[in-house]
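# Structural overview
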Amino acid sequence: MLKNIRKAFIGACFFFSLGVNVAHAELAHIAIATNFKAAAEAIFTAYQDSNADEIQRSYGATGKLASQILHGAQYDVFLSADDISNPKLEPFIIATTRQSYAYGKRALWSANSSAPASLDEFSKTSISCLAMANPKLAPYGKAAQEAVDALKAKGLSITTQVTGQSVAHAFQFVASSSCEWGLVAQAQLIAINKQNEGLLVPTTYYSAIKQNAVLLKHGEHNSTAQAFLKFLKSKPAQDIILEFGYDLP
């Protein structure tokens, strides 16, 4: 499916390069939680296949993006990794546009070791290093800490626990072999076709990762921002979200 999307996107680019007159599109700037990057890029490609709209993307930890919004960053849309329940953000968002677009999943992964048969088996071992996102900045970090606490209660021993600014940083620690194991997003493994190398962490180990999107006050009159949020609820977008291992609301 992604291959077909890319082909369609290339074809669309060629069509516009021929000099066909199209209406000037309004630029929308969208802030996106890093766990959703691969899925978001595929969705943007599908969206732009039938729209000339310009969309600028900024990826980062949810907490960091929220802080940027609070300090005046001119984003039009926020795709968060949580439910955007921070009361400090309320003056910056249009609450009636809040929508859940995905439920995230956690996976245990090592770049060099085989995935354990089960988490119960894994909890009986001792590991030198485990990487995860910072619980204070990223919802995926909070979920990871809950899973780690549950595993430790069952007997898991961790010599060093490393936290990255986002789930993308945690993934890099493991991919570079800087850390033996990591609690990453299942979508990250699917994006690099390594989902069979990880162990999906049951949702009983952590609170639901309900990812919400919202139109920000800066984008209140931005037609591109509004059109993209509408597209996010469409079947083509939801098919991509499912393809990257998320659950739909």
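Data block above holds the structure.
Read on for a plain summary of the structure.

Conventions adopted
Residues numbered from 1 in each chain as written. Predicted model: local features only at pLDDT ≥ 70, side-chain atom pairs only at ≥ 80, totals over all residues. Heavy atoms only, no water. Helix = DSSP H or I, 4+ residues; strand = E, 2+ residues; numbered from the N terminus. Areas by Shrake-Rupley, 256 points an atom, 1.4 Å probe, with all protein chains shown as cover. 1 Å grid on protein atoms, 1.4 Å probe; cavity = no way out; pocket = protein on both sides within 12 Å on 5 of 7 lines; lining within 4 Å. Points joined across faces, edges and corners; volume = space filled by probe spheres on them. Nonpolar A, V, L, I, M, F, W, Y, C, P; charged D, E, K, R; others polar. Pairing = 2+ DSSP bridges. Contact = heavy atoms within 4.5 Å. Axes fitted to C-alpha atoms, helices over the stretch in contact; angles between N-to-C directions. Disulfide = S-S within 2.5 Å. Buried < 20%, exposed > 50% of the residue type's maximum accessible area, 1.4 Å probe, protein only. Arc of directions from axis to C-beta. Polar contact = N/O pair within 3.5 Å; in protein donor to acceptor, adjacent residues only side chain to side chain.

### Description of the overall build of the protein chain
Looking only at helices and strands, the protein chain has 9 helices and 10 strands in total. Carbon together with sulfur atoms contributes 52% to the accessible area of the protein chain, which is approximately 11800 Å² in total.

### Description of empty space enclosed by the protein
Counted according to the given criterion, the structure contains 2 cavities of 30 Å³ or more. Along the walls of the largest cavity sit Ala33, Thr34, Asn35, Gly60, Ala61, Thr62, Ala81, Ala138, Pro139, Tyr140, Ser166 and Val167, which together make up its complete lining. A breakdown of the residues in the lining of the largest cavity according to their chemical character gives 7 nonpolar, 5 polar and no charged. Each pocket or cavity is described by its volume, and for the second largest cavity that value is around 30 Å³. As for the second largest cavity, its lining consists of Gly104, Lys105, Tyr140, Ala185, Gln186, Ala187, Phe244, Gly245 and Tyr246. Per-class residue counts for the lining of the second largest cavity are 5 nonpolar, 3 polar and 1 charged.

### Let's talk about the sheet that holds strand S8 (residues 181-185)
Spatially, S7-S6-S8-S5-S9 is the arrangement adopted by the 5 strands of the open sheet, whose pairing is mixed. With one partner strand each, in any of the chains shown, strand S7 (157-164) and strand S9 (199-200) form the two edges of the open sheet. Note that strand S6 (residues 126-133) and S8 share 2 bridges and pair parallel. For Leu130, the partnering residue across the bridge sits in S8 and is Trp181. Helix H5 (residues 139-153) rests against strand S5 (106-109), S6, S7 and S8 of the sheet, and its axis sits at about 155° to S6.

### Remarks on the state of the cysteines
Following the criterion strictly, the structure yields 1 disulfide and no others. Residue Cys129 pairs covalently with Cys179 via a disulfide, S to S 1.9 Å. Of note, the bridge from Cys129 to Cys179 carries an S-S torsion of about -100° and is left-handed in sense. One end of the pair, Cys129, is in strand S6; the other, Cys179, is in the loop between helix H6 (167-175) and S8, with 50 residues separating them in the sequence. For the pair formed by Cys129 and Cys179, the shared burial category is buried.

### Re helix H8 (residues 223-232)
Those residues of H8 that fall on the buried side of the exposure criterion are Thr224, Ala225, Phe228, Leu229, Phe231 and Leu232. Burial along H8 is one-sided: seen end-on, the buried residues are contained in an arc of 160°. One side-chain oxygen at the N-terminal end of H8 lies 3.0 Å from the backbone nitrogen of Thr224; it belongs to Asn222.

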